[in-house]
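Here are the chains, one letter per residue:
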Amino acid sequence: MRFNVPSRTIAIILSLLVAAVLTTLAWLAPTMPFRQGVLAAGVSVAACFLLLYLMFEALIFREINNIYESLENIKRKEFRRMSNKFLFRPEPLKRMRDEILDMAQRRQQEIEELQRLQVLRREFLADVSHELKTPIFAAQGFVHTILDDDDVDEFTRKKFLQKAATSLDALDALVQDLVTISQLEKGVVRMRRQRFNLIELVQDIFEQLELKAAQRHVTLELQPPPEPDAALVVADRNRIRQVLINLIDNAIKYGRENGHVTVSLLPNGKSLRVQVQDDGEGIPKQFQNRIFERFYRIDKSRTRESRQAGGSGLGLAISKHIVEAHKSTIRVHSELGQGTTLEFKLPKPKKRVADKIADAQA
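Residues numbered from 1 in each chain as written. Predicted model: local features only at pLDDT ≥ 70, side-chain atom pairs only at ≥ 80, totals over all residues. Heavy atoms only, no water.

The name given to the protein chain in an unreviewed UniProt entry is histidine kinase, and the organism recorded there is Hymenobacter endophyticus. Turning to the protein chain, the UniProt annotation filed under Catalytic activity (unreviewed entry) states: "ATP + protein L-histidine = ADP + protein N-phospho-L-histidine." (UniProt positions renumbered as here; feature names shortened; annotations may be inferred.)

With that settled, consider the packing of helix H8 (residues 237–254) against helix H11 (residues 315–325). Orientation of H8 relative to H11, taken along the N-to-C sense of each, is 140°, at an axis distance of 9 Å. Comparing the axis directions of H8 and H11 gives the class oblique. Considering the relative orientation of H8 and H11, their crossing is left-handed. Contact residues: Arg239, Gln242, Val243, Asn246, Leu247 and Asn250 in H8; Gly315, Leu316, Ile318, Ser319, Ile322 and Val323 in H11. (Axes fitted to C-alpha atoms, helices over the stretch in contact; angles between N-to-C directions. Helix = DSSP H or I, 4+ residues; strand = E, 2+ residues; numbered from the N terminus. Parallel < 35°, antiparallel > 145°, perpendicular 65-115°, else oblique. Left-handed = near helix turned anticlockwise from the far one by under 90°. Contact = heavy atoms within 4.5 Å.)

With 68% of its residues at a pLDDT of 70 or more, the protein chain shows a mean pLDDT of 76. Confidence drops under a pLDDT of 50 for residues 300–304, and excluding neighbours within four residues, the segment shows four contacts in the predicted structure. Counted against residues more than four places away or in other chains, residues 306–310, with its pLDDT under 50, gives nine contacts. (pLDDT = per-residue confidence, 0-100.)

Among the surface-exposed residues, Asp148, Asp149, Asp150 and Asp151 lie close enough to one another that they form a single negatively charged patch. For Asp148, the position within the fold is in helix H4 (residues 92–148). (Patch = residues over 30% accessible without salt bridge, like charges linked within 9 Å, V, L, I, M, F, W, Y side chains within 5 Å. Areas by Shrake-Rupley, 256 points an atom, 1.4 Å probe, with all protein chains shown as cover. Salt bridge = Lys/Arg side-chain N within 4 Å of Asp/Glu carboxyl O. Lys, Arg positive; Asp, Glu negative; His and termini not counted. Charge placed at Lys NZ, Arg CZ, Asp CG, Glu CD.)

Across a regular strand the side chains alternate sides, sitting on one face of the sheet and then on the other. Counting buried residues along strand E5 (residues 271–278), six of its eight residues qualify, which places the element largely inside the surrounding structure. Between the end of strand E4 (residues 260–268) and the start of E5, which pair antiparallel, lie two residues, with Gly269 showing a positive phi angle near 70°. Direction of pairing for E5 relative to strand E7 (residues 340–347): antiparallel, over a ladder of seven bridges. Residue pairing for E7: Gln277 is matched across the bridge by Thr341. (Buried < 20%, exposed > 50% of the residue type's maximum accessible area, 1.4 Å probe, protein only. Pairing = 2+ DSSP bridges.)

As a further point, take the pattern of salt bridges. Enumeration over the complete set of coordinates arrives at nine salt bridges. Close ionic contact of Arg241 with Asp204 constitutes a salt bridge, the shortest N to O distance being 2.4 Å. Remark: Asp204 occurs in helix H6 (residues 198–208) and Arg241 occurs in helix H8; sequence separation between them is 37 residues. Asp204 sits in the partly exposed class, given a relative accessible area of 31%. In this structure, the salt-bridge partner of Arg256 is Asp279, at a minimum N-O distance of 3.0 Å. One end of the pair, Arg256, is in the loop between H8 and E4; the other, Asp279, is in the loop between E5 and helix H9 (285–288), with 23 residues separating them in the sequence. Asp279 gets classed as partly exposed once you look at its relative accessible area, which sits at 21%. Linked through salt bridges whose partners overlap, the residues forming this network are Lys212, Asp249 and Lys253.

Written as structure tokens, this is what we have:
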């Protein structure tokens, strides 16, 4: 409902109506008995109150609608609903103020979030350029050294080419990780869920990382569930393999030398809880929520270690997206001097009818 009548016209109409009511009362009052006069006065007061209330609502609400008119492009449907809510209800200005303050607060929060994302975007671009620049410059240096010096012997030539190839392999791994995380964030990658035994997968990963663990004299240990069948899960085997490689590899790199890395498989109702634990220095609480951000490192020494070990700085970010695509969450538990534990859950396969009958017979 909209009022386009000018405020002056509304005031004139209101004055005429109130004057008419009071004139009628003044004209009839001398001829009326006392009781009827009191009744007529009451009716006049009620009529004046109703007129004043309705006209006041019309006048004020017209201005409210003008405000909504200018705000309509921000949140059209919500303000139309709010506009209908104000008609013939008390304190429309107060309610409008509360709603606008609430909206302003939400907008401020959105602005702050956009500013935070802008900072993260700048940091991400700076990190990407730095991570790309390092292997490119290294490969460039080795190749140009060979091209510029005709007296390089065959052994040195082969050594430099091997180092250039290593740098380019690191660059390729970084690009592949960037593509993977971009696809995961967009939801393009679909999880191919299948039934498999997590014990076999962890043992296979241990064999793959055995040499790296031996270099730091780290012992890899698996704590399986009491029954082997309890380690059956339904998930994308290749993606969960990628997650476990990232978590175990990080535990080896950042755990204590001559220490232990333990993978525990703990049944938890309809799911299986997977824990990867190291006995390293631990992660301060203020950094625990940020370790899954792309390229985020707690200190520069970890950056150097990660680069020397061939890490792209995207392993935990990729793992986080993969686990979330399985409707789960990676949680971190860490205390300084007591190591770090990363855990997530995977669903168990539903029991088949034959299994249920066997359990009932048993």
